[in-house]
Amino acid sequence: MTETGAAISFDRVGKSFTKKGVATLALEDVSLSVAPGAIMGIIGRSGAGKSTLLRMVNGLERPSTGRVLVGGRDVGAARGAALREIRRDVGMIFQHFNLLASRTVYENIALPLEIAGIAPIRPRVEELIERVGLSAHRDRYPAELSGGQKQRVGIARALATQPKVLLSDEATSALDPETTRTVLALLAEINRDLGLTILLITHEMAVVRDIATHMAVIDGGRIVEAGATYDIFSRPTHPTTRSFLGGVTGLTLPAFIAGQLQAERPEVEAQEVIRVTFAGNHATDPMLSLLTSELGIPVNILAGAIEEVGPHPFGNLIIAVDAAQAEAARAYLERHGLLTEVLGYVG
Ligand SMILES: Nc1ncnc2c1ncn2[C@@H]1O[C@H](COP(=O)(O)OP(=O)(O)OP(=O)(O)O)[C@@H](O)[C@H]1O
Ligand SMILES: [Mg+2]
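Residues numbered from 1 in each chain as written. Chains lettered and ligands numbered in written order. Predicted model: local features only at pLDDT ≥ 70, side-chain atom pairs only at ≥ 80, totals over all residues.

Draft legend 1. Inspection of the overall build of the protein at higher detail. Scanning the protein from N- to C-terminus turns up twelve helices and 14 strands. Across its three principal directions, the C-alpha atoms of the protein cover 75 × 50 × 35 Å. Split into buried and exposed, the 347 residues of the protein put 40% on the buried side. When contacts within the protein are restricted to residue pairs at least 6 apart in sequence, those whose partners lie at least 24 apart make up 69%. (Helix = DSSP H or I, 4+ residues; strand = E, 2+ residues; numbered from the N terminus. Buried ≥ 20, exposed ≤ 12 C-beta atoms within 10 Å, placed from the backbone. Contact = placed C-beta atoms within 7 Å.)

Draft legend 2. Structural view of the sheet that holds strand β3 (residues 39–44). With respect to topology, six strands assemble into an open sheet ordered β6-β7-β8-β3-β9-β10, the strand pairing being mixed. Only two strands of the sheet have a single neighbouring strand rather than two, namely β6 (90–94) and β10 (222–228). Averaged over all neighbouring strand pairs, the angle between strand axes comes to 15°, with direction disregarded. The pairing of strand β7 (residues 165–169) with strand β8 (residues 197–202) spans five bridges and is parallel. When the bridges of β8 are listed, Leu167 appears paired with Leu199. Here helix α9 (residues 239–246) sits on the sheet in contact with β3, β9 (214–219) and β10, set at roughly 115° to β9. (Pairing = 2+ DSSP bridges. Axes fitted to C-alpha atoms, helices over the stretch in contact; angles between N-to-C directions.)

Draft legend 3. Spatial organisation of the nonpolar core. With 75 residues, the main nonpolar core has Val57, Ile109, Ile129, Ala156, Val165 and Leu199 as its most contacted residues. In contact with Leu199, not counting residues within four places along its chain, are Ile8, Val34, Met40, Ile42, Leu54, Val57, Val165 and Leu167. In terms of nonpolar packing, the next biggest core, distinct from the first, is built from 18 residues, Phe278, Val299, Leu338 and Val346 among them. (Core = buried A, V, L, I, M, F, W, Y, C linked by C-beta atoms within 7 Å.)

Draft legend 4. Representation of the site of ligand 1 within the structure. Residues in close proximity to ligand 1 total 13 residues, the closest being Phe17, Ala26, Ser46, Ser51 and Thr52. Among the elements of the structure, β1 (8–19), β2 (22–34) and α1 (50–55) are those that each provide at least two residues to the shell around ligand 1. A per-element tally of the shell around ligand 1 places α1 first, with three residues. Across the shell around ligand 1, the residue classes tally to three nonpolar, eight polar and two charged. (Near = placed C-beta within 6 Å. Nonpolar A, V, L, I, M, F, W, Y, C, P; charged D, E, K, R; others polar.)

Draft legend 5. Up close: the packing of helix α3 (residues 105–116) against helix α4 (residues 121–131). Orientation of α3 relative to α4, taken along the N-to-C sense of each, is 125°, at an axis distance of 10 Å. Considering the angle they form, α3 stands oblique to α4. At the point where α3 passes α4, the crossing takes the right-handed sense. Facing Val105, Tyr106, Ile109, Ala110, Leu113 and Glu114 of α3, the residues of α4 in contact are Ile121, Arg124, Val125, Leu128 and Ile129. For the contact of α3 with α4, a count of residues per class yields nine nonpolar, no polar and two charged. (Parallel < 35°, antiparallel > 145°, perpendicular 65-115°, else oblique. Left-handed = near helix turned anticlockwise from the far one by under 90°.)

Draft legend 6. Representation of the domain arrangement of the protein within the structure. The domain boundaries assigned to the protein delineate domain 1 (8–89 + 163–246) and domain 2 (255–346). Domain 1 and domain 2 are separated by 34 Å when their C-alpha centres are compared. Between domain 1 and domain 2, the residue contacts involve seven residues of the former and seven residues of the latter. Looking at the side of domain 1 that touches domain 2 residue by residue, the class counts come to two nonpolar, three polar and two charged. (Domains from an automatic or database assignment.)

Draft legend 7. Here's a closer look at the environment of Gln151. Inspection of the secondary structure assignment puts Gln151 in helix α5 (residues 147–159). Taking C-alpha positions, Gln151 is 14 Å from Tyr106, a pair spaced 45 residues apart along the chain. When sequence neighbours within four positions are dropped, the list of residues in contact with Gln151 reads Ile93, Phe97, Ala171, Leu175 and Val183.

Draft legend 8. Layout of α5. With 13 residues, α5 extends 18 Å from end C-alpha to end C-alpha; this agrees with the ideal 18 Å at 1.5 Å per step. Restricting attention to buried positions, one finds in α5 the residues Gln149, Lys150, Gln151, Arg152, Val153, Gly154, Ile155, Ala156, Arg157, Ala158 and Leu159. Buried-residue contacts for α5 involve β6, α3, α4, β7 and α6 (177–194). (Expected span 1.5 Å × (residues − 1).)

Draft legend 9. How the structure looks around α4. Residues of α4 that are buried include every one of Val125, Leu128 and Ile129, and no others. Projection of α4 onto a plane perpendicular to its axis shows the buried side chains occupying an angular sector of 100°, all on one side. Those residues of α4 that are exposed and aimed more than 90 degrees away from the buried face are Pro123, Glu127 and Glu130. Buried residues belonging to α4 abut α3 and α5. Phi for Gly133, located one or two positions after α4, is positive at around 75°. (Arc of directions from axis to C-beta.)

Structure (structure tokens):
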């Protein structure tokens, strides 16, 4: 489905690569819309098709089937001047920055303006250098910059032609966690200040959590789940999504429990292990103590994490309750707006 007014839309896109007569299907029947001003995170494992998907937005790859639209314009069908015009509206940043070693910060950022023949160059470049916080480094060469500073140059360069869309291919994957946070904060600021639509691909759920308003999970060339980030964090349905979430939301079981967990309920004295997910303003603490005081069901808390997804608190607890009372406990929690999932049993 192609939504009119979308900044980017993929309409039943397929892509296959043929090498020596052997075809690889990199993408299959991908439909996805990115609203103007959204930050859409695409997450998937290596080889899932993320880069291929992204590269179609600026015409570096053409779809084998279906269409990719940027601001309503069909990228795959565009040639020559029409393609250049679309590309001017689409900036891109890369994992390894792709800066020219022989050019200074200033000169790297000026390059797209020189190529596009946009003048005057100086005030635009100075403004961009300021925006990304590199005023003190304008005459340095890439080799004299840290990874985070290099990516700031990459971001400024991508913004030079005042694009409407910014593509990011694993732009923080080469950076340490602290630097990653500052670069993501810069992207969020740019999104907010300039109303730029950002499509970013990553294999790290923490990146999606920290910045993306919307997300899609890609697995084996197909979108298996897509929606508002917060909704998917609260109700992941696909196993790939759950496995990505495990690393960032306390969804993983502590090893000592995981080792004992059984899928079938044992005959005697079992505890049911339940994941409780809470979102928004639901607090679990009173709920769990009420469970004990109102229903008389004792609860063991095995693991938990609370964090923020976008502006909302979001958390997961893993609890164990007597298996005989577990159904009543789950019903109670669900009635109070929490999500529960049975993970298994321990003896
Ligand atoms: N130019 C190409 N020629 C042939 N096959 C390709 C080409 N580009 C990508 N592929 C194949 O398409 C599939 C998807 O590749 P893609 O680079 O999009 O994955 P990715 O999700 O970006 O992976 P990674 O996280 O490792 O960067 C892979 O099987 C890959 O080998
Ligand atoms: Mg890739």
